[in-house]
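Chain and residue survey
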Amino acid sequence: MNTEKLIATIRKVGARIEAEKDFLTELDNVIADGDHGINLARGFGEVDKKLDAMADKEPGDVLKTVGMTLVSTVGGASGPLYGTGFMKMGAAVKGKAEIDVPSFLEGLQTAIEGVMQRGRSTKGEKTMLDSMIPAKEAMEARWNETQDAKAAFAAGVAAAWEGVEYTKTIAATKGRASYIGERSIGHQDPGATSFTMLLEIVAGEV
Ligand code: ADP
Ligand code: MG
C-alpha cells in the first residue's frame, strides 16, 4: 500500500466511523459514558482535513500525522490510545515507500504494545486489545501459511469479530466501563468493535 492508497483508505475508515457513530456511541452508552462514536468521528474528521497536504509524504509520516491528530483532538481514552497505535505503526514502517503485509504486521504489533503501555492494559480486560491481539495473531498465522494478503486480512477480520464476541463474556477492568465491573458482562466493547470496523475497511483495500 503506497501513500495514495493509504490516504484513500484512511478516508474510507473515517467514512465508516462516521456512519457507525451512533452505533458505537450507543455501545459505549450501555457500559460507560456514551461518547466513543462521537470521539472517533470528531478525530477522523480532523484527520480528513490534514490528508490533502500529505500526498507527497511517505506512508509512515501519514500514519504519524493521523496518530498525532487523534491524540490532540479526541477527548477520552480512545484518542490517545488509537493515536498511540497509529504513531507506533507509522514509526514501524518509517522509510518504506509501501506498506506490505510483513510491515503491516510489525506495525500492528508495535501499535498493540503502544496501547498496552499507554493504557496499562492487557488481553482479557474488555478493551480494543481483545480484537487487536487475536487479529494480529490470526493474520500472521495465515500469512505464514499462504503468503496471501487477502486471505491474511480476511483471517484477521474474522478473528477480530470473534474478539468482539469474546468481550461480551468478560467484565471490564480498564477504562470507564470498569466502573460498572461485572455489570458490563453481556455487552460488547465499543473500542474492540471500532478497531474491527477499521480493520475491515483496510482489508477491503488489500
Ligand atoms: P472514554 O472511555 O474516555 O469515554 P472512549 O469512549 O472514546 O473513551 O473509548 C472507550 C474505549 O477505549 C473502550 O471501549 C476500550 O476499548 C478502550 N479503552 C479504554 N481504556 C483502555 C485501556 N486502558 N487500554 C486499552 N483500551 C482501553
Ligand atoms: Mg466513552
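Relevant structure appears above.
Below: a short report on this structure.

Details of the side chain of Ser103
- In this fold, Ser103 is placed in helix α6 (residues 101-119).
- For Ser103, a relative accessible area of 1% gives the class buried.
- Those residues in contact with Ser103, other than ones at most four positions away along the chain, are Val93, Lys96 and Glu98.

A look at the site of ligand 1
- Asn39, Ala77, Ser78, Ser121 and Asp189 are the nearest of the 21 residues found near ligand 1.
- A distance of 2.9 Å is found between an oxygen atom of ligand 1 and a backbone nitrogen or oxygen belonging to Met128.
- Asp189 places a polar side-chain atom, nitrogen or oxygen, 2.6 Å from an oxygen atom of ligand 1.
- When isolated, ligand 1 has an accessible area of 560 Å², and the protein chains bury 94% of it.
- Contributions of two or more residues to the shell around ligand 1 are made by α3 (36-51), α5 (78-92), α6 and α9 (190-204).
- For the shell around ligand 1, the element with the highest residue contribution is α9, accounting for 3 residues.
- Counted by class, the shell around ligand 1 contains 6 nonpolar, 9 polar and 6 charged residues.

Things to note about unusual backbone geometry
- In this model, Arg120 sits at a positive phi of 45°, which is unusual for a non-glycine residue.
- Within the element layout of this structure, Arg120 appears in the loop between α6 and α7 (129-146).
- The phi torsion at Lys126 lies on the positive side, around 65°, for a residue other than glycine.
- One can find Lys126 in the loop between α6 and α7.
- Residue class for Lys126 comes out buried when judged on its relative accessible area of 1%.

Details of the packing of aromatic side chains
- Under the criterion given, the structure shown has 2 aromatic pairs.
- Where Phe104 meets Phe153, the ring centres are 5.0 Å apart and the plane angle is 50°; that geometry is what we call tilted. Here the residue Phe104 occupies a position in helix α6, and Phe153 occupies one in helix α8 (residues 149-167), the gap between them amounting to 49 residues.
- Owing to a relative accessible area of 12%, Phe104 belongs among the buried residues under this scheme.
- Exposure remark for Phe153: the relative accessible area of 4% places this residue in the buried category.

Let's talk about the pattern of salt bridges
- Counted under the stated rule, the structure contains 13 salt bridges.
- Put simply, Glu200 and Arg16 hold a salt bridge, and the shortest N to O gap is 2.8 Å. Of this pair, Glu200 sits in helix α9 while Arg16 sits in helix α1 (residues 3-19), placing them 184 residues apart in sequence.
- Exposure remark for Glu200: the relative accessible area of 27% places this residue in the partly exposed category.
- Look at the salt bridges and you will find they share partners, linking Arg11, Asp48 and Asp52 into a network.

Cut-offs applied
The numbers attached to residues start from 1 for each chain and follow its sequence in the written order. Written order decides the labels, with chains lettered from A and ligands numbered from 1. For this predicted model, a pLDDT threshold of at least 70 governs which residues receive local features, and a threshold of 80 or more governs which side-chain atom pairs are given and counted, while totals over whole chains, interfaces and linings are taken from all residues. Side-chain measures were taken over the full set of non-hydrogen atoms in the model, leaving aside hydrogen atoms and water. Secondary structure follows DSSP: runs of H or I at least 4 residues long count as helices, runs of E at least 2 residues long count as strands, and numbering of each begins at the N terminus. Buried, partly exposed and exposed residues are distinguished by accessible area as a fraction of the type maximum, computed with a 1.4 Å probe on protein chains only: under 20%, between the cut-offs, and over 50%, respectively. Residue contacts are defined here by distance: any two heavy atoms, one from each residue, within 4.5 Å place the two residues in contact. Here a residue is near a molecule or strand as soon as one of its heavy atoms is found within 4 Å of it. Polar contacts, as used here, are pairs of N or O atoms within 3.5 Å; protein pairs need one atom able to donate a hydrogen and one able to accept it. Residues neighboring in sequence count only if both atoms are side-chain atoms. Shrake-Rupley sampling with a 1.4 Å probe provides the accessible areas, and residues are treated as covered by the protein chains on show and by no other component. Residues are sorted three ways: Asp, Glu, Lys and Arg are charged, Ala, Val, Leu, Ile, Met, Phe, Trp, Tyr, Cys and Pro are nonpolar, and all the rest, Gly among them, are polar. Paired rings are identified among Phe, Tyr and Trp, the last through its six-membered ring, by centres lying within 6.5 Å, and are further divided according to the angle between planes into stacked (under 30 degrees), edge-to-face (over 60) and tilted (the rest). A pair is scored as a salt bridge if a Lys or Arg side-chain nitrogen falls within 4 Å of a carboxyl oxygen belonging to Asp or Glu.

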